[in-house]
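Understanding the architecture of this molecule
What follows is the residue order along each chain.
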Amino acid sequence: MQKLLIEKTNSTPFISFDAKARLLEIKGESYPENVAKFYTPVLEWLQDYLSNDESETTAVEFEILYFNSSSSKIFMTIFDILEQAVSKGKKILVKWICDEGNETAIECGEEFKEDLVHLPFDIKVY
Amino acid sequence: MINKHFRNIKKDNNTIVDNNSLRIVILGCITIVVALISMSILSMIITSNAVLNKLKTSDLQNMARSISVFVEGKIDKALDISVLLANDPTVVEWIQKEEQSRLEGEIVQVKMAELVNDFEYDVCFLTSAVTNHYWSYSSVDKEFVLLDTVTQTDSSDMWFFETLKMKKKYDINIDHNKELNDTYVWINTLVGDINQPLAVSGVGMNLSKVINQLIEDEEENEINNDILLVDGEGQIYLSKKPEYLEKSLTEYLPGNLVQEILRTNNLESKFDIADYETPQGEYFDIAYKKIKNTDWNLIVQIPRADSLGFLKAIIINTIISCILIILIIVLLFYFISNKIANPYKRALLLNEELEEKVKERTKELVEKNNRIKDSIEYAKMIQQTILPSSYDMGKCLKEYFIIYEPRDIVGGDFYWLKSHSKGYLVIVGDCTGHGVPGALMATAVNAMLNHVVDGICNDNPAVILYELDRLLKQSFKMNHNEKFISDGVDLGIIYIEEHKVIFSGANISVFVVDGNKIDEIKGNNCTIDYISEQQDKVFENYEIAYKQGVTLYMVTDGLIEQPGGEKGYPFGRRRFTNLIEAASKLEMDIQSSYILNTIKEYADEQIIRDDLTLLGFRL
């Protein structure tokens with residue numbers, strides 16, 4: 001499966017989805033003008049990836065400094081997709097990485113975590 | 001303005017190019033001149049050293065030796081001839097017979113004449129110790145004559161009587177004849193047994209003539225050397241320079257060198273070599289040696305300037321070629337730098353053209369941008385009309401302020417107010433997105449709110465939220481193509497009726513400030529949208545105790561989450577709570593600018609990310 005690599009811009013995060021390494025990374029800020037356009041390929045890739053038979057654990061890392069509410073909804077959609085996959089037996093571990101000075105990011109991570117039942121969701125504060 | 005600026009840059013660029021080429025030319029020339037000069041100086045030193053070395057070890061030696069071989073050869077030959085004459089039996093017999101035998105006398109005469117005429121001697125003489133007769137044949141008289149009869153009393157004849165006593169076969173004398181102003185070599189040979197000699201015979205040779213002949217030969221070869229003939233006392237008897245003649249060597253040469261020359265007893269054919277500097281600073285290289293069998297000195301000297309003279313030609317040639325090379329290099333550099341400069345000029349022209357194109361495009365873009373901006377400005381007017389007027393606001397809320405700053409002229413944020421006979425509803429909303437899509441959503445949500453409040457419920461915030469969520473799903477889901485995207489709206493609703501305050505929120509909270517106490521009542525953590533699969537959405541009502549002077553604030557996430565500070569992190573809820581607390585102590589009408597300024601100061605150079613809305617009012 002081809003790697004998905006999107007360079008960082010001011011309003012969109014760096015995205016690296018590597019099927020071989022089983023590491024999905026989203027890092028930076030997210031407030032694109034057109035959330036749908038930016039994230040549709042990301043979500044499609046993700047669904048593709050999860051449709052493959054894979055028994056090993058996949059690591060998903062989020063390190064987002066700022067995101068707007070539209071992005072927040074997209075992140076929730078991503079977590080929903082992952083949650084469904086986990087309930088179907090996939091092994092996935094989400095790491096929500098944030099600086100201890102970024103109170104909003106920590107809070108948002110906690111809110112996401114509250115909404116999730118099956119998906120392992122670690123908040124790593126450094 | 002742009003044009004002027006551009007022209008300035010162009011001018012500067014040209015200057016830079018010109019300065020550079022000039023600098024390259026100068027630098028190149030200096031490098032080459034330095035290299036040429038240092039190379040020339042170095043080669044000059046090496047060459048002059050080598051030439052000097054060769055001059056001293058070889059050239060001067062060879063030159064001097066050829067001169068000495070010539071001179072000494074002549075003397076040796078004269079010596080041989082003298083000895084032959086002295087040993088001639090006819091001569092011996094003629095002398096023994098007291099020159100009486102006429103036949104023998106004629107033979108002697110012929111022999112002596114032959115010697116003078118054939119070998120170019122000046123004089124051939126024969127002086128008998130028996131008769132004391134001095135016979136002579138000279139190249140001048142060409143006659144065999146009895147010139148004199150020597151006597152012991154005549155001082156000028158003393159040489160004869162001393163020669164008889166010398167106890168060796170021959171003696172060579174050099175003396176200077178003042179009357180003739182010539183220097184002669186005299187070979188005196190004893191005839192018969194050296195212990196009891198019969199006579200003294202020999203030849204006289206004009207040494208000046210011999211050496212002058214040499215000098216003439218060398219003048220033809222343009223050799224500027226000098227051949228000196230110096231006696232044992234250091235007197236100069238022969239030189240090319242007339243002023244040297246009959247002067248002492250010490251007048252011209254340093255004393256220690258003269259002593260060295262006079263003391264030398266070099267019997268080998270090799271010359272001694274030395275050099276000296278005249279008071280005028282001229283250098284001379286000098287070769288000297290004794291003439292064989294005499295105490296006279298043969299000196300050859302050559303001015304160093306002459307032997308190194310050809311180096312001058314090298315210097316002149318070097319200077320000329322230096323100048324030529326510099327000239328060529330300057331031209332070459334000028335040509336090259338012009339060729340180099342040309343692309344710059346072309347680039348500048350190209351730049352100018354591109355600049356023109358950019359200007360045209362920019363103009364087009366500005367026009368398009370203005371059209372869009374106008375259109376959005378118009379949209380803003382429409383959005384303003386759906387927002388409650390300040391009159392309506394002032395009628396319901398005694399004291400209030402509103403911050404309403406859409407990021408892109410229009411936005412997804414809105415506030416809403418409706419009063420009826422029992423009470424009134426205050427709402428702050430944040431539709432996902434901002435700009436035109438946000439505004440479209442906001443308009444739609446506004447209409448739905450009106451529909452819900454007018455037709456379904458106007459006094460229960462939680463019910464209003466629930467109904468709005470339902471209505472939104474109904475209205476939007478049918479035409480929805482996007483698989484993943486869910487637009488929606490966050491809302492905070494406060495209903496106030498007499499002494500009752502009820503709040504319900506979807507992702508929006510209310511801050512309640514009562515004196516020094518601040519409480520945040522978070523609404524439910526679920527948004528109103530049209531795709532969410534979440535079926536168990538529950539919106540709850542919270543009752544806030546009514547108390548006069550209590551201030552309520554409802555805010556959208558734009559203000560709370562605006563990035564800024566050193567690390568670019570969002571402002572944050574804790575900081576925002578503190579800000580509200582601080583602001584609440586101020587008069588209502590300056591709170592808005594205080595809060596907005598604080599947030600914008602925090603944002604510093606970070607762009608504003610979202611629409612900013614904050615409604616504050618006092619009960």
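Residues numbered from 1 in each chain as written. Chains lettered and ligands numbered in written order. Predicted model: local features only at pLDDT ≥ 70, side-chain atom pairs only at ≥ 80, totals over all residues. Heavy atoms only, no water.

**Considerations on the overall build of chain B**
The line we're drawing: In this description a helix means any DSSP run of H or I spanning at least four residues, a strand means any run of E spanning at least two, and both kinds are numbered starting from the N terminus. When a residue's accessible area, from a 1.4 Å probe over protein chains only, is under 20% of the maximum for its type it is buried; when over 50% it is exposed; and in between it is partly exposed. A contact between two residues is defined here by any heavy atoms of the two lying within 4.5 Å. Here the accessible surface of atoms and residues is derived via Shrake-Rupley with a 1.4 Å probe, and residues count as covered only by protein chains that are part of the display.
The number of helices and strands found in chain B is 14 helices and 24 strands. Residue burial in chain B is summarised as follows: out of 619 residues, 45% are buried. Contacts in chain B between residues at least 24 apart in sequence constitute 61% of all its contacts with a sequence separation of at least 6. As presented, chain B carries roughly 32,800 Å² of accessible surface, and 54% of it is formed by carbon and sulfur atoms.

**Section: the pairing of strand 15 (residues 488–497) of chain B**
Residue and element names in this part refer to chain B. Put simply, the rule reads: Pairing between strands is defined by DSSP: at least two bridges between the two strands are required.
Counting buried positions along strand 15 yields 10 of 10 residues, so the element is predominantly enclosed. In the sheet, strand 14 (residues 424–431) pairs with strand 15 via 8 bridges, with the strands oriented antiparallel. By the bridge assignment for strand 15, Val426 is matched with Ile494. The sheet contact formed by strand 15 and strand 19 (residues 528–529) spans 2 bridges and is antiparallel.

**Section: the nonpolar core**
Residues and elements named next belong to chain B. To be explicit about the condition: As used here, the term nonpolar core means buried Ala, Val, Leu, Ile, Met, Phe, Trp, Tyr and Cys residues forming a set that is joined through side-chain atoms within 4.5 Å.
If you look at the biggest cluster of nonpolar residues, it comprises 57 residues, and the most contacted ones within it are Leu126 and Ile211. At 15 residues, the largest contribution of residues to this core is made by helix 1 (residues 2–87). Setting aside residues up to four positions removed in sequence, Leu126 forms contacts with Val91, Trp94, Ile95, Val108, Met112, His133, Tyr134, Trp135, Val191, Ala199, Val200 and Ser201. Listed in part, the 53 residues of the second largest apolar core include Tyr424, Leu471, Ile496 and Ile521.

**Focus on the interface of chain B and chain A**
Under the convention used in this document: Accessible surface is computed with a 1.4 Å probe, and the buried area is the amount of it that two parts give up when combined, taken over both parts together. We define a salt bridge as a side-chain nitrogen of Lys or Arg found within 4 Å of a carboxyl oxygen belonging to Asp or Glu. Under this definition, polar contacts are N or O atom pairs within 3.5 Å; protein pairs additionally need one hydrogen-donor-capable and one acceptor-capable atom, and for neighbouring residues in sequence, both atoms have to be side-chain atoms. Note on residue classes: Ala, Val, Leu, Ile, Met, Phe, Trp, Tyr, Cys and Pro are nonpolar, Asp, Glu, Lys and Arg are charged, and everything else, Gly too, is polar.
Taken together, the 27 residues of chain B in the interface contact 28 residues of chain A. Here chain B meets chain A over a buried area of about 2,400 Å², counting both sides, of which 48% is carbon and sulfur. The tally of links between chain B and chain A comes to 4 salt bridges. Salt-bridge contacts for Arg407 of chain B lead to Glu33 of chain A; the nearest nitrogen and oxygen are separated by 2.5 Å. Here chain B and chain A share 8 residue pairs in polar contact (both at pLDDT 80 or more) between them. Elements with a minimum of two residues in the side of chain B that touches chain A: strand 23 (569–570) and helix 13 (573–584) of chain B. The class makeup of the residues in the side of chain B that touches chain A is 6 nonpolar, 8 polar and 13 charged.

**Quick look at the pattern of salt bridges**
In total, this model carries 32 salt bridges over all chains according to the counting rule given. In this structure, Lys95 of chain A engages Glu61 of chain A in a salt bridge whose closest nitrogen and oxygen atoms are separated by 3.7 Å. Of this pair, Lys95 of chain A sits in strand 5 (residues 92–98) while Glu61 of chain A sits in strand 4 (residues 58–67), and the two are 34 residues apart along the sequence. A relative accessible area of 14% means that Glu61 of chain A is categorised as buried. With its nearest N and O atoms 3.2 Å apart, the salt bridge here joins Lys473 of chain B to Asp469 of chain B. Here Asp469 of chain B and Lys473 of chain B lie together in helix 11 (residues 461–477), a separation of 4 residues that amounts to about one turn. The burial state of Lys473 of chain B is the same as that of Asp469 of chain B; both residues are buried. A cluster of three or more residues bridged by salt bridges with shared partners is formed by Glu25, Lys27, Glu61, Glu63 and Lys95 of chain A.

**Some thoughts on the sheet that holds strand 9 (residues 272–277) of chain B**
Residue and element names in this part refer to chain B. Short version of the rule: A fitted line through C-alpha atoms represents every axis, and for helices the fit uses only the stretch in contact; the resulting angles, taken between N-to-C directions, go from 0 to 180 degrees.
Sheet architecture is open: 5 strands sit in the order 8-7-11-10-9, paired in antiparallel fashion. The two strands at the open ends of the sheet, each matched to only one other strand, are strand 8 (236–238) and strand 9. Here the strands of the sheet are splayed against their neighbours by 35° on average, with no regard to which way each runs. Two elements, strand 7 (residues 226–230) and strand 11 (residues 297–303), share 5 bridges in a ladder whose sense is antiparallel. Its bridge partner lying in strand 11, Leu228 is registered against Ile299. Taken strand by strand, helix 6 (residues 255–263) contacts strand 9, strand 10 (283–290) and strand 11, and its axis lies near 25° from that of strand 10.

**Focus: the packing of aromatic side chains**
Residues and elements named next belong to chain B. Test applied: Centre distance within 6.5 Å is the pairing criterion for rings of Phe, Tyr and Trp, where only the six-membered ring of Trp is used; planes under 30 degrees apart are then read as stacked, over 60 as edge-to-face, and the remainder as tilted.
One pass over the structure, following the stated rule, counts 34 aromatic pairs over all chains. Between Trp135 and Phe144, the ring centres sit 5.1 Å apart and the planes meet at 10°, which makes this aromatic pair stacked. Taking the relative accessible area as the measure of exposure, Trp135 reaches 15% and is therefore buried. Residue Phe144 is classed as buried on the basis of its relative accessible area, which comes to 11%. Measuring from ring centre to ring centre gives 5.0 Å for Phe571 and Tyr602, while their planes differ by 80°; the resulting arrangement is edge-to-face. Within this pair, whereas Phe571 is found in the loop between strand 23 and helix 13, its partner Tyr602 is found in helix 14 (residues 588–603), the two being separated by 31 residues in sequence. Note on accessibility: Phe571 and Tyr602 belong to one class, buried.

**Things to note about the confidence of the model for chain B**
Rules: For every residue, the predictor assigns a confidence score, pLDDT, that lies between 0 and 100.
Of all residues in chain B, 91% attain a pLDDT of 70 or more, and the chain-wide mean is 84. Residue range residues 1–17 of chain B is modelled with pLDDT below 50. Its contacts to residues more than four positions away, or to other chains, number 12 contacts.

**Let's talk about the packing of helix 13 of chain B against helix 14 of chain B**
All names here are of chain B. Formally: Each helix crossing is assigned a hand: it is left-handed if the near helix lies turned anticlockwise from the far helix by less than a right angle, otherwise right-handed if that turn is clockwise.
Two elements in contact, helix 13 and helix 14, have axes separated by 9 Å at closest approach and are oriented at 150°. In this structure, the crossing between helix 13 and helix 14 has a hand that is right-handed. Touching Arg575, Phe576, Leu579, Ile580, Ala582, Ala583 and Ser584 of helix 13 are Gln591, Tyr594, Ile595, Thr598, Ile599 and Tyr602, all from helix 14.

**As for the environment of Ala603 of chain B**
Residues and elements named next belong to chain B. Relative to the elements of secondary structure, Ala603 occurs in helix 14. Distance from Ala603 to Gln562, taken between C-alpha atoms, is 6.7 Å for residues 41 residues apart in sequence. Residue contacts for Ala603: discarding those within four places in its chain leaves Gln562, Pro563, Gly564 and Ile608.

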